[in-house]
Amino acid sequence: MPLYEHVFLARQDLSQAQVDTLAASATEIVETNHGKVTKTETWGLRSLAYKIAKNRKAHFVMLNIEAPAGVVAELERQTAINEDVIRFMTVRVDEHEGGPSVMMRKNERDRSRRREREGE
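Residues numbered from 1 in each chain as written. Predicted model: local features only at pLDDT ≥ 70, side-chain atom pairs only at ≥ 80, totals over all residues. Heavy atoms only, no water.

A. Structural context of the pattern of salt bridges. All told, the structure shown has four salt bridges when counted by the stated rule. R11 serves as the salt-bridge partner of D84, at 2.6 Å between the closest nitrogen and oxygen. In this pair, D84 sits in the loop between α2 (69-81) and β4 (85-93) while R11 sits in strand β1 (residues 3-11), placing the two residues 73 residues apart along the sequence. Residue D84 is classed as partly exposed on the basis of its relative accessible area, which comes to 23%. With its nearest N and O atoms 3.0 Å apart, the salt bridge here joins E74 to R77. Residue E74 and its partner R77 are both found in helix α2; the two are separated by three residues, about one turn of the helix. (Salt bridge = Lys/Arg side-chain N within 4 Å of Asp/Glu carboxyl O. Helix = DSSP H or I, 4+ residues; strand = E, 2+ residues; numbered from the N terminus. Buried < 20%, exposed > 50% of the residue type's maximum accessible area, 1.4 Å probe, protein only.)

B. Local environment of the sheet that holds β1. The strand order across the open sheet formed by four strands is β2-β3-β1-β4, and the pairing between neighbours is antiparallel. On the outer flanks of this sheet lie β2 (36-52) and β4, each paired with one strand and no other. Going across the sheet, the axis of each strand differs from the next one's by a mean of 20°, ignoring polarity. Relative to β4, α2 is tilted by about 165°, and along the sheet it contacts β1, β3 (55-66) and β4. (Pairing = 2+ DSSP bridges. Axes fitted to C-alpha atoms, helices over the stretch in contact; angles between N-to-C directions. Contact = heavy atoms within 4.5 Å.)

C. Here's a closer look at helix α1 (residues 16-32). Here α1 is 17 residues long and its end C-alpha atoms lie 24 Å apart, about the 24 Å a rise of 1.5 Å per residue gives. Restricting attention to buried positions, one finds in α1 the residues V19, L22, A23, A26, T27, I29 and V30. An end-on view of α1 places all buried positions within 155° of arc, on one side of the element. Away from its buried face by more than 90 degrees, α1 exposes A17, T21, E28 and T32. (Expected span 1.5 Å × (residues − 1). Arc of directions from axis to C-beta.)

D. Looking closely at the environment of E66. If you trace the backbone, E66 turns up in strand β3. Exposure remark for E66: the relative accessible area of 24% places this residue in the partly exposed category. Taking the C-alpha atoms as reference, E66 lies 18 Å from Q78; in sequence the two are 12 residues apart. Not counting residues up to four positions away in its chain, the partners in contact with E66 are M1, P2, L3, G35, K36, T38 and H96.

E. Representation of the side chain of N64 within the structure. Relative to the helices and strands, N64 is located in strand β3. Once residues within four sequence positions are removed from consideration, N64 is found in contact with Y4, E5, K36, V37, T38, K39 and H96.

F. Structural detail: α2. Taking 1.5 Å per residue as the helical rise, α2 with its 13 residues ought to reach 18 Å, and the 19 Å between its terminal C-alpha atoms agrees with that figure. Looking only at α2, the buried set comprises V71, V72, L75 and T79. Each buried residue of α2 lies within a common arc of 95° when the element is viewed along its axis, so the set occupies one face. Pointing more than 90 degrees away from the buried face of α2 are the exposed residues G70, A80 and I81. Buried residues along α2 sit in contact with β1, α1, β3 and β4.

Here's what the structure looks like:
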């Protein structure tokens, strides 16, 4: 079965619970269409390089998906309709990363650097 990474950006004024609900609804769409979400990562509220739909920040969420192409098309259709999602992108990959994604490792690296600076 093909593998995909689906990343979406949710509006900055949403609470974390609402963002989690968006991720759960995306997972539900995939699973009702006989696909499988292997990993969900919330990257948190991050600044954008430029304003998108009057938003300077957005909640980033990534889903690793194993599903046929029709399931991904339906997920993208539903995501495009949702007013809380300001951008999304789905990419087909050869294999999913094991462990945390690059963004999660970057967050950990930044935290450890901050702790080292504060300790000096």
